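Here are the chains, one letter per residue:
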Amino acid sequence: LGQTLSAAAVAYGFARFRFRGRNVAFMLCLTSLMLPWEVTIVPQFLLFRELGWLDTLLPLIVPHWFAVGATGAFSIFLLRQFFMTIPLDLDEAAKLDGASYPRIFVTILLPLARPALITVAILAFLVHWGEFIQPFVYLNSTENFVLALGIRFFQTLPSTEPSRDHLLMAASVLITLPPIIIFFVLQRYFVKGVATTGLKG
C-alpha cells in the first residue's frame, strides 16, 4: 500500500510537472534498477543498526513504504508511463474549476490509473511476500520471522520425527495461496495495466 501510493505521488510529479533537472532526477531514479541490492546491504545494515531498527520489522517496512529500491523505481517508472497517456486537458479543465494539484491527483488521475495502480500493487505484494534475504539479514528473533524465513528455520530445527516433509508442504501451500488468489481475482486489472501502460492516444 505504501509503496503504491508513494510511487504514484512521485510518478505524478515526473509526468505532470516541468522543472529543472526533471529528466536527470528521473534517470537517477531508474539507475537504482541497475544497482544490485548486494552493493547497498552493508550501508543499510549499518544505518539500521544506528537507528536501533535491527531485529524489528521497521527495516522491512519503512524503506519500501517510501518506494525505495529497485521495486520502487520500477513502480515509479510504470506509473509515470501510465500518467503520461492521460491527456493534460483533464488537468487544465480541473484547474479552471479551481482544483489544486493534490485534488487533481486524488480525484482525477488516481481513479483513471486504477489498472496501473493495481498492477503495481500486485507486483509489490509478490516481491515482498516471498522476501527472504532482507529478513534473514535484519531479523534474529523467531517471533519476528516472516513466512519464508520461518519455513527455513523450521527445516533446521532438530526433530525426533522421521520426516516433516508433510508439514513443510502444508506450510508452503499456505504461503503460496494468497498470491495465487490475489492474482486471479485481480488479473483483468493486471493485464489491462500492463497492456495500456506507455500507449498514447
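For the structure, check the block above.
Asks: Any details on the side chain of T119? Residues and values, ideally.
Replies: Its location among the elements puts T119 in helix α8 (residues 114-129). Residue classification places T119 among the buried positions, given a relative accessible area of 1%. A distance of 2.8 Å separates a polar atom in the side chain of T119 from the backbone oxygen of P115.

Asks: Give me helix α4 (residues 58-65): which residues, what numbers.
Replies: For α4, the complete set of buried residues consists of P59, L60, P63 and H64. The arc that holds every buried residue of α4, seen down its axis, measures 105°, which confines them to one face. Those residues of α4 that are buried are in contact with α1 (2-16), α3 (37-51), α8 and α9 (133-138). After α4 finishes, the residue A67 shows a positive phi value of roughly 60°.

Asks: Give me the lowdown on the pattern of salt bridges, citing residues and values where you can.
Replies: Summed over the entire model, instances satisfying the criterion amount to two salt bridges. Taking the shortest distance from any N to any O, the salt bridge between R16 and D91 comes out at 3.0 Å. Of this pair, R16 sits in helix α1 while D91 sits in helix α6 (residues 88-96); the two residues are 75 residues apart in sequence, bridging distant segments of the chain. Each member of the pair, R16 as well as D91, carries the same accessibility label: buried. In this structure, K95 engages E92 in a salt bridge whose closest nitrogen and oxygen atoms are separated by 3.8 Å. In this pair, K95 and E92 are both assigned in helix α6, three residues apart and thus about one turn of the helix distant. Accessibility expressed as a relative area gives 33% for K95, which makes it partly exposed.

Definitions and cut-offs
Residues numbered from 1 in each chain as written. Predicted model: local features only at pLDDT ≥ 70, side-chain atom pairs only at ≥ 80, totals over all residues. Heavy atoms only, no water. Helix = DSSP H or I, 4+ residues; strand = E, 2+ residues; numbered from the N terminus. Buried < 20%, exposed > 50% of the residue type's maximum accessible area, 1.4 Å probe, protein only. Polar contact = N/O pair within 3.5 Å; in protein donor to acceptor, adjacent residues only side chain to side chain. Arc of directions from axis to C-beta. Contact = heavy atoms within 4.5 Å. Salt bridge = Lys/Arg side-chain N within 4 Å of Asp/Glu carboxyl O.

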